Every structure is written in C-alpha cells, then in structure tokens.
Amino acid sequence: AQSVTQLGSHVSVSEGALVLLRCNYSSSVPPYLFWYVQYPNQGLQLLLKYTTGATLVKGINGFEAEFKKSETSFHLTKPSAHMSDAAEYFCAVTKSSGDKLTFGTGTRLAVRP
Amino acid sequence: DTAVSQTPKYLVTQMGNDKSIKCEQNLGHDTMYWYKQDSKKFLKIMFSYNNKELIINETVPNRFSPKSPDKAHLNLHINSLELGDSAVYFCASSQGRVLVTEAFFGQGTRLTVV
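A brief structural summary.

The rules we used
- Residues numbered from 1 in each chain as written.
- Chains lettered and ligands numbered in written order.
- Predicted model: local features only at pLDDT ≥ 70, side-chain atom pairs only at ≥ 80, totals over all residues.
- Heavy atoms only, no water.
- Helix = DSSP H or I, 4+ residues; strand = E, 2+ residues; numbered from the N terminus.
- Rg over C-alpha atoms; globule rule 2.2 N^0.38 Å.
- Buried < 20%, exposed > 50% of the residue type's maximum accessible area, 1.4 Å probe, protein only.
- Contact = heavy atoms within 4.5 Å.
- Areas by Shrake-Rupley, 256 points an atom, 1.4 Å probe, with all protein chains shown as cover.
- Lys, Arg positive; Asp, Glu negative; His and termini not counted.
- Charge placed at Lys NZ, Arg CZ, Asp CG, Glu CD.
- Disulfide = S-S within 2.5 Å.
- Pairing = 2+ DSSP bridges.
- Phe/Tyr/Trp six-rings, centres within 6.5 Å; stacked < 30°, edge-to-face > 60°.

This part covers the overall build of chain A. On a plain count of helices and strands, chain A comes out with zero helices and twelve strands. Put simply, chain A runs from its N terminus to its C terminus through helices and strands in the order β-β-β-β-β-β-β-β-β-β-β-β. A compact globule built from 113 residues should have a C-alpha radius of gyration of about 13 Å, and chain A, at 13 Å, falls within 12% of that. Overall, chain A is about 40 × 30 × 20 Å in size when its C-alpha atoms are taken along their principal axes. Counting every position in chain A, which comprises 113 residues, the buried fraction comes to 48%. Within chain A, residue pairs in contact and separated by at least 24 positions form 56% of the contacts whose partners lie at least 6 positions apart. As displayed, chain A has an accessible area near 5100 Å², and 54% of this comes from carbon and sulfur atoms. Side-chain charges of chain A comprise 10 positive and 7 negative groups, with the mean position of each set lying 4 Å from the other.

The structure is reproduced here in structure tokens:
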C-alpha cells in the first residue's frame with residue numbers, strides 16, 4: 001500500500017522567498033508522484049508529476065520537484081513566492097495508471113507581503 | 001470548455017434525504033473517480049470506474065451508490081443522508097491503464113447536511 005506524509009500543515013513565507021513544501025512517500029513498488037494545488041473553493045489542479053525518467057520535474061507557475069528514491073521524498077520548491085501562490089498543496093502517489101491516488105494531508109501555503 | 005464538470009456545486013439538504021451528484025467528463029478518459037474531502041481537507045478515494053466497470057470500492061457505506069451510464073459519466077447517489085456526510089465531493093477522470101497520466105478534477109460539490 002502507498003502512503004504520503006506532508007510535513008507541516010501550514011507554511012508561511014514572505015513574498016519573494018523560497019518555497020519548500022515537503023513530501024515523503026511509502027510505496028512497495030516504484031511510485032508515480034504528483035503535486036496538486038487547490039485554490040479556495042476550487043478543484044485540484046495538477047502542478048507537476050513524476051512517472052519515469054528525469055528526477056527533477058518542472059511544473060506550472062515556476063514550481064519544480066525532485067524525486068529522491070534514497071530519501072523517499074518528492075519535495076516541492078519554487079525559488080520566489082508570489083502572493084498568488086497562496087493555496088493548499090497536496091502531494092499524491094499512485095502505483096499504476098488508472099489506479100487511485102493516495103493523497104497527503106495537504107499543506108496550506110500563506111504568502112506574506 | 002470544462003473538462004470535468006460536476007453538478008450541483010452546492011447542495012444543502014436535511015438528514016434522511018436522498019440526493020445525487022452528477023459528473024461528466026469530455027476528455028475521452030476511460031477512468032473516473034469519486035473522492036471525498038473532509039473538513040480537514042483530507043482527500044480520500046471512494047470509487048473508481050473504468051469503462052463503466054467498478055474497479056475500486058473503498059470502505060464506503062452502502063448508502064453511497066455510484067452509477068456510470070457510460071464512460072463519460074459517473075454519478076453518485078446518496079441515500080438517507082447523515083450529518084457526517086457533509087463534505088466536498090470531487091469527481092475526477094484519467095486516461096486508461098496504458099500510461100500513467102494525471103487525474104483531472106472537477107470543481108467539487110459542497111454537500112451540507114443539516
């Protein structure tokens with residue numbers, strides 16, 4: 001069974017500062033990893049995904065994440081936070097195509113002016 | 001042009017009532033899902049259908065019954081609503097089982113049982 005742990009339910013950064021949202025996974029098979037963002041009262045939107053190949057993946061809005069098998073991590077980063085990045089971020093894992101996503105508990109990102 | 005659309009967006013109803021949430025996707029995907037997001041924002045899979053066939057059925061009360069008339073639609077019917085059913089329900093779809101692709105989510109249906 002897969003599981004996802006997101007450290008820090010709330011993260012606050014200043015505008016222009018580095019964003020780092022942590023995600024660790026547990027999987028008995030090679031995982032497929034995703035980051036989703038949820039803006040207030042909206043659905044989930046994919047930021048980026050790792051399936052195979054390059055371990056550093058780039059997504060929308062300047063976000064990127066690196067798959068580190070040795071650390072079982074898939075942390076999300078953005079060099080410079082923008083006010084519009086304030087949202088809830090979810091890390092998710094699945095073991096195969098068409099299978100369910102297992103989500104972490106989410107991290108709420110606040111961006112201070 | 002909405003990819004995954006759910007109706008209604010908001011649903012307020014009394015305990016004991018029966019209600020349905022509809023979901024449609026125009027992406028041509030083979031697989032559709034229902035997820036429940038509780039008040040703490042935790043997302044959990046409820047059901048998954050692939051080409052109208054039920055493939056995932058998590059531990060969900062029998063009062064919840066999904067129905068997929070075709071692969072573009074997955075509706076959720078809930079009988080005898082309880083206070084604890086209050087949550088946001090998300091429909092999602094993804095491509096079939098050949099490639100790992102992301103799931104596309106609808107905007108959610110906020111169900112409030114009073």
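With that settled, consider the state of the cysteines. One pass over the structure, following the stated rule, counts two disulfides over all chains. With a sulfur-sulfur separation of 2.0 Å, A:Cys23 is cross-linked through a disulfide to A:Cys91. Disulfide A:Cys23-A:Cys91: the torsion about the S-S bond is -65 degrees, which places it as left-handed. In this pair, A:Cys23 sits in the loop between strand E3 (19-21) and strand E4 (24-26) while A:Cys91 sits in strand E10 (residues 87-94), placing the two residues 68 residues apart along the sequence. Paired through a disulfide, B:Cys23 and B:Cys91 show a sulfur-sulfur distance of 1.8 Å. An S-S torsion of about -75 degrees defines the bridge between B:Cys23 and B:Cys91 as left-handed. Within this pair, whereas B:Cys23 is found in strand E3 (residues 19-25), its partner B:Cys91 is found in strand E9 (residues 87-94), the two being separated by 68 residues in sequence. Across the pair, B:Cys91 and B:Cys23 agree in class, each one buried.

A regular strand carries its side chains on alternate faces of the sheet. Residues and elements named next belong to chain A. With respect to burial, strand E6 (residues 44-50) is a largely interior element, five of its seven residues being buried. Two strands pair when backbone bridges link them, and strand E5 (residues 32-38) and E6 are joined in this way by six bridges, in the antiparallel orientation. From the neighbouring strand, Phe34 faces E6, where its bridge partner is Lys49. Hairpin connection, E5 to E6: the antiparallel pair is bridged by five residues, and Asn41 has positive phi, about 60 degrees.

A few words now on the packing of aromatic side chains. With the rule as written, the count across this model stands at 13 aromatic pairs over all chains. Consider the rings of B:Tyr35 and B:Phe105, whose centres lie 5.5 Å apart with planes at 45 degrees: the pair is tilted. Highlighted residues: B:Tyr35 in strand E4 (residues 31-37) and B:Phe105 in strand E10 (residues 104-105), separated in sequence by 70 residues. Residue B:Tyr35 is classed as buried on the basis of its relative accessible area of 0%. In this structure B:Phe105 comes out as buried when scored by relative accessible area, which is 8%. Put simply, the rings of A:Phe34, A:Tyr36, A:Phe90, A:Phe103, B:Tyr33, B:Tyr35, B:Phe90 and B:Phe105 pair up and form one aromatic cluster.

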